[in-house]
Amino acid sequence: MPFSALETPVPLVDLGRLARNLDRAAGYAREHGLALRPHVKTHKSPFVAAEQLQRGASGLTCATPFEAEVMSSVCDDVLVAYPPVGAPRARRIAALPPGINVTVALDSVRALDDLHAAAKMADRPIGVLVELDLGMHRVGVADVADAVELARAVRARPPLQWKGIAFYPGHIRQSVATQDDAIGQLNDALGLALAVFRTAGFDPAIVSGGSTPTLWRTHELRGVTEFRPGTYVYNDRTTAAIGACAVQDCALTVLATVVSTAVPGQAVVDAGSKALGRELMRGADGLGFGALLEHPSVVVRSMSEEHGILDLNATDWRPEVGDMVRIIPNHVCIVTHLHDLVYGVRDYAVETSWQVAARGRGYDPITQTGRSS
Ligand SMILES: Cc1ncc(COP(=O)(O)O)c(C=O)c1O
């Protein structure tokens, strides 16, 4: 099927690039003896998850209960790397199918109590990783002694089982070549944390970290046993700017149609903020909200909900109304989340499609419909 058969805007995934991205990360994990536990937030798709598992992923990482439920159809080992606060969330996690090995990362006694109550009610063991703040300052216990106390509190709450520690180096977003200092500081913090835990009699079986910007340096991180990159499956403009992939590794583009060229110096496409998201490039104004795959100097300068304004000032290319373009988004995870379906393409042919099956919450407590049991 040609692209012209699709109603735009729609996300396309280049199947060759996707396979290359998956193979490369799987090969890196194998080479360094690391468990690869990809974060599914980027694709939210059992189809892509199955490809990751087939290539040796040890399990999957999820943020939401719905992601964990959907992924349970293809995977029997799931980490929920998000604080399980509140009974609805904790109960859904504990209600995952019995054959699934479930682990949860958390950073507070409140989250621990909510998970403990749910695990007792469901009468199932759930692994727990104590989340540490090693520089991102988002979630994670800041003081290592407090983190050890939280691990002790886990041990006092069967059927929960303390498995280790987790951290997310999301603060390291500088280019790969200039990450040395940040990696060094992270290693110092990690080394200290591991020493304090071990001295207190808590030897972590799992040290879970990793991100896409630091993906290829994971083996340098002290004591890390598993890593959780998400964005690497599709990559995006930001990842390429950081140098964690080449522009040619960006697998997902948004196919859009030129709907107006009425104003000189610009062309309007049907992909606005509801198709592309409104993410800046690494926080910087002026770099647009996406760039064209086939005309990299052309960026989406501004957007309304259904309109994207292409800036034609840096190019001689002049599109006509009805032309199709492919836009590499700044932040691909947001784009996936905005669409129901993704089309798999090779060259200029649409080969397949798959659902973004884990979008949204997936459960309505009023009508009690959805996947949650
Ligand atoms: C806890 C956690 N782990 C892993 C990831 C994956 O990181 P990346 O998007 O850099 O691949 C994220 C991303 O948001 C995350 O929040």
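Refer to the structure presented above.
Residues numbered from 1 in each chain as written. Predicted model: local features only at pLDDT ≥ 70, side-chain atom pairs only at ≥ 80, totals over all residues. Heavy atoms only, no water.

## Describing the packing of aromatic side chains
According to the stated counting rule, one finds 6 aromatic pairs in the structure shown. A ring pair is formed by tryptophan 162 and phenylalanine 202, whose centres lie 5.3 Å apart and whose planes are at 85°; its orientation type is edge-to-face. Taken together, the residues span a long stretch of sequence, with tryptophan 162 in strand S7 (residues 160-166) and phenylalanine 202 in the loop between helix H7 (180-199) and strand S8 (206-209) at a distance of 40 residues. The exposure class assigned to tryptophan 162 is buried, which follows from its relative accessible area of 12%. Its relative accessible area of 1% is what places phenylalanine 202 among the buried residues. Through successive ring pairs, a cluster of aromatic residues spans Tyr28, Trp216 and Phe227. The lysine or arginine in question, arginine 278, covers the ring of phenylalanine 289, its NZ or CZ lying 5.6 Å from the ring centre. (Phe/Tyr/Trp six-rings, centres within 6.5 Å; stacked < 30°, edge-to-face > 60°. Helix = DSSP H or I, 4+ residues; strand = E, 2+ residues; numbered from the N terminus. Buried < 20%, exposed > 50% of the residue type's maximum accessible area, 1.4 Å probe, protein only. Lys NZ or Arg CZ within 6 Å of the ring centre and 35° of its normal.)

## Considerations on the site of the ligand
Residues in close proximity to the ligand include His39, Lys41, Arg138, Tyr168, Ser211, Thr212, Pro213, Arg228, Pro229, Gly230 and Thr231, which together make up its full environment. Contact between the ligand and tyrosine 168: an oxygen atom at 3.2 Å from a side-chain N or O atom of the residue. At a separation of 2.6 Å, an oxygen atom of the ligand approaches a polar backbone atom of glycine 230. Coverage of the ligand by the protein chains reaches 89% of its 380 Å² of free accessible surface. (Near = heavy atom within 4 Å. Polar contact = N/O pair within 3.5 Å; in protein donor to acceptor, adjacent residues only side chain to side chain. Areas by Shrake-Rupley, 256 points an atom, 1.4 Å probe, with all protein chains shown as cover.)

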